[in-house]
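Commentary on secondary and tertiary structure
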Amino acid sequence: MWKKVKIFYGKFKIPIWSVFGIFLIWYLFFSLPKPLFKEETSTLIYSQDNKLLGATISGDEQWRFPANDSVPKRFEICITQFEDAYFRKHPGVNPVSLFRAFRQNLSSEGIVSGGSTITMQTIRLAKQNPKRTYGQKLLEIIQATRLELTNSKDKILNHYVSHAPFGGNVVGLDAAAWRYYAKSADQLSWGESATLAVLPNSPSLIFPGKNQDLLLKKRNRLLKKLWEEEFIDKDDYELAILEPLPGKPNALPDIAPHLLHTAIKSHKGKRLKTTLDSNLQEQLSLIVENHKQQLSSKEIHNMAVLVLEVKSGNVKAYVGNTFDQNNSYSNQVDIIQARRSSGSILKPFLYASMIQEGKLLPKMLLPDIPMDITENYERNYSGAVPADEALARSLNIPSVHMLENYSVAKFHHRLQEFGFTTFDKTPKHYGLSLIVGGGEVTLWELAQAYRNMAYNVLKPNNFVFNHKINYLKNVPGEVSKYPVSAQSSYLTLQALKDVARPDSEAGWQVYSAKNIAWKTGTSHGFKDAWSVGVSGDYVVAVWVGNADGEGRPGIIGVKAAAPVMFDVFSRLKSNTQFEKPKGNWIEVRTCKESGFLLGENCATFVRTTIPASAENGPVCPYHKKIHLDKTASFRVNNECYPVSEMITEKRFVLPPIEAYYYQKNHPEYKPLPAFGGNCVNPGNQKPFDFVYPRNFTRIFLPRDFSGNQQPVVFEIAYIQPEKSLFWYLDGKYVATTQNIHKLALQPEAGLHSLTVSDKEGNRIQKSFTIVNKE
């Protein structure tokens with residue numbers, strides 16, 4: 001070899017100092033792999049109290065955890081005493097060990113001992129264990145000294161311990177501790193630490209569960225050395241040698257599997273400290289499993305629950321789906337991050353936005369009458385209903401009227417300000433259905449939006465704050481201004497907390513004492529059930545349904561999702577109350593009957609506190625000044641009755657359809673009297689109106705199982721149903737109705753006109769088109 005070097009040197013005449021310089025540059029800058037270890041690592045998530053919640057196997061099918069910050073003291077003593085007792089003293093190479101190994105190899109005519117230090121073994125691991133040769137050994141010696149030059153002993157030991165093989169597909173101390181002892185490395189006893197310390201030396205030969213006698217001898221030999229060297233006392237030694245050896249490898253914790261797989265997308269191969277409460281997470285998993293058992297009989301198989309802390313925005317529990325060993329129902333899907341139809345769960349954000357801009361007051365009456373594009377869940381109508389009650393009862397029709405008044409485009413933009421990113425189509429695409437499930441949301445962003453509304457009330461002076469929730473510890477956020485005031489948010493939460501719910505939501509009173517504001521939602525076709533509850537401390541958001549989108553009659557927010565939400569709140573301690581924000585309120589007079597700002601014809605009023613921004617809200621349109629004859633039985637005017645004998649009253653007057661339904665729930669409502677004598681109604685408002693159809697409505701006549709065409713039922717709302725109405729189709733008389741003003745007709749295909757009149761000469765007309773659906 002030296003002869004070849006001499007020939008090479010003689011041929012090229014390279015100065016010795018140049019050779020040294022090249023070697024020095026290589027030694028300092030290029031001798032070590034960069035990075036030192038390139039292997040893919042597992043992804044780990046821990047709870048806020050450092051409890052392992054879950055881990056994934058690495059891409060090369062190895063349980064290889066990311067390097068930890070330090071090596072536990074017990075294991076450090078065990079591994080150094082077994083592998084390299086002079087680790088803290090040598091510069092990366094131990095000449096005595098190398099000489100002893102060289103002598104042993106010569107006498108045995110083969111390589112039986114390497115004499116490697118822990119530093120040299122770290123180099124071998126970094127290079128993925130190349131073939132053992134004397135040349136390779138020389139290179140390891142050089143690289144080991146280079147590694148020692150710029151790395152502390154603690155860091156080198158940490159490198160070695162994190163990448164050493166521990167048998168099978170287990171790499172690194174942390175993975176070994178969990179796989180063999182189901183605990184973290186810093187919890188290992190002396191006996192457990194000694195057992196693991198002897199494994200990297202012969203991982204292919206000594207594997208827990210096999211070769212037990214050899215493993216036991218090596219472990220006990222090491223323990224005896226530790227006792228003799230006074231690292232442990234006699235009691236520790238005697239207890240340690242009695243400890244059993246590990247058997248079959250343990251499964252790793254799987255407490256938050258869906259969060260783990262969501263975290264992999266942006267934090268693959270990292271050790272992540274989350275904000276989750278491990279105890280709460282396990283409790284929620286049991287709650288979800290219990291409710292799944294109940295719902296599965298109804299063919300409802302999936303569920304997700306997210307719990308947030310209001311003040312911090314931290315995620316405290318994350319159950320992304322139900323568990324099924326065979327994943328028979330798409331149980332691996334993280335529903336919390338999945339887009340699902342919103343149902344009516346967005347109504348509070350429209351309510352808050354309209355209050356903020358003075359377009360709505362809490363007690364303001366809204367129309368609640370039949371309409372074509374939607375219906376109320378219980379298919380009944382109030383005629384007119386206060387806004388806060390409409391929100392608490394989750395009535396669809398008043399909400400559609402609200403959105404029509406507010407504008408779809410404006411609300412579409414406002415939803416984005418509230419933090420929703422899923423409304424990525426044009427406002428025209430959604431139309432008025434946006435408020436009743438025409439769009440999609442994720443449980444993650446929904447919980448975030450409700451949390452921000454609650455935080456806005458708790459911290460009314462924080463005009464800007466971090467709107468983003470997070471499941472990771474100490475992640476900086478971006479602050480921004482909340483789109484509505486604390487006053488508007490407060491009134492919204494009050495509407496969801498104080499107003500008595502319908503009978504279908506029985507049980508809400510039990511939780512009102514806990515200061516919980518809550519909202520449910522159900523998507524069209526019974527595919528998504530939502531429930532979100534907000535207290536001063538927590539937000540609990542629940543989704544129930546089938547991940548594949550299959551609808552079931554039992555997928556209803558109040559019946560499927562709300563019970564889960566209540567169960568979760570029963571596990572939470574929440575004492576913080578929603579207090580009325582100070583400042584930016586004004587006192588106004590509102591109409592007692594309509595809830596609008598007091599109009600000139602309103603008979604009575606109440607003093608109401610509203611946000612200052614709503615000062616110029618809508619004035620009552622329902623109170624009118626009417627003139628009656630001296631008996632107060634008929635309406636009159638100055639063209640048919642002496643002015644001196646008229647009685648003038650201020651009356652609460654609803655449009656005919658609203659009045660028709662309103663009177664059923666409010667018997668005290670007094671409809672307007674008819675015009676008496678020769679008096680003619682000077683206005684355009686009629687005492688009755690069509691409930692169905694609307695102008696130019698296209699009507700399909702269905703066929704029964706025999707193929708026969710079915711009629712369409714037309715309906716009139718009449719405030720005085722006892723009076724007769726006369727029906728004309730295309731100018732031809734067809735029927736008279738009394739008390740119940742419904743008529744079944746079977747017109748031919750094409751455009752038609754339907755006219756209805758009463759004895760007083762009031763007359764209405766609607767046009768519609770019949771389309772035969774073959």
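First, a word on scope: everything that follows refers to the structure included in this document. Note that the coordinates shown come from a computational prediction; the quantities given were computed from them, not determined experimentally.

Here we take up the state of the cysteines. Inspection of every chain in the model, using the stated rule, returns one disulfide. The disulfide partner of C640 is C679, and the gap between their sulfur atoms is 1.5 Å. The S-S bond linking C640 to C679 shows a torsion near 95°; that makes this disulfide right-handed. Here C640 is found in the loop between β19 (623–628) and β20 (647–652), whereas its partner C679 is found in the loop between α23 (656–665) and β21 (688–692), with 39 residues between them in sequence. With relative accessibility at 27%, the residue C640 sits in the partly exposed group.

As a further point, take the sheet that holds strand β2 (residues 52–55). Taken in spatial order, the three strands make up an open sheet running β2-β1-β5, and their pairing is mixed. Because the sheet does not close on itself, it has two edges, and the strands there are β2 and β5 (271–273). Between one strand and the next, the sheet's axes are offset by a mean angle of 15°, whatever the strand orientation. Relative to β5, strand β1 (residues 44–46) runs parallel, the two sharing three bridges.

Moving on, we come to the packing of helix α13 (residues 278–296) against helix α22 (residues 557–569). Where α13 meets α22, the closest approach of the two axes is 10 Å, and the angle between their N-to-C directions is 150°. Relative to α22, α13 is oriented roughly antiparallel. For α13 against α22, the interelement crossing comes out right-handed. On α22, the residues that touch L284, I287, H291 and L295 of α13 are A560, P563, V564, D567 and V568.

Further remarks concern the pattern of salt bridges. One pass over the structure, following the stated rule, counts 23 salt bridges. A salt bridge links E140 to K137; its shortest N-O distance comes to 4.0 Å. Pair noted here: E140 and K137 are both in helix α6 (residues 134–150), with a separation of three residues, about one helical turn. Side by side, E140 and K137 carry an identical accessibility label, which is buried. Residue K153 pairs with E148 through a salt bridge whose shortest N-O separation is 2.8 Å. Three or more residues are tied together by salt bridges with common partners; here these are K73, E76, R88 and D154.

Rules of the game
Here, residues in each chain are numbered from 1, in the same order as that chain's written sequence. Residues qualify for local features only when their pLDDT is at least 70, as the model is predicted, and side-chain atom pairs are given and counted only at 80 or more; totals for whole chains, interfaces and linings, by contrast, use all residues. To obtain the side-chain values, all non-hydrogen atoms of the structure were included, while hydrogens and water were left out. Whenever a pair of cysteine sulfur atoms sits within 2.5 Å, that pair is classed as a disulfide. The way it works is that DSSP assigns letters per residue, a run of H or I at least four long becomes a helix, a run of E at least two long becomes a strand, and they are numbered from the N terminus. Burial here depends on accessible area, computed with a 1.4 Å probe over protein chains only, as a share of the maximum for the residue type. Under 20% is buried, over 50% is exposed, and the range in between is partly exposed. Note on pairing: two strands pair once DSSP finds at least 2 bridges between them. To obtain each axis, a line is fitted to C-alpha atoms, and for helices this fit is confined to the stretch in contact; angles are then taken between N-to-C directions over 0 to 180 degrees. Any angle that is under 35 degrees is reported as roughly parallel, and any over 145 degrees as roughly antiparallel; angles of 65 to 115 degrees are reported as roughly perpendicular and all others as oblique. Throughout, a crossing is termed right-handed when the near helix is turned clockwise from the far one, and left-handed when it is turned anticlockwise from it by less than a right angle. Residue contacts follow a heavy-atom distance rule, with two residues in contact if any of their heavy atoms lie within 4.5 Å. The term salt bridge refers to a pairing of a side-chain nitrogen on Lys or Arg with a carboxyl oxygen on Asp or Glu at a separation within 4 Å.

Everything listed here is a matter of geometry and, on its own, says nothing about what the molecule does.
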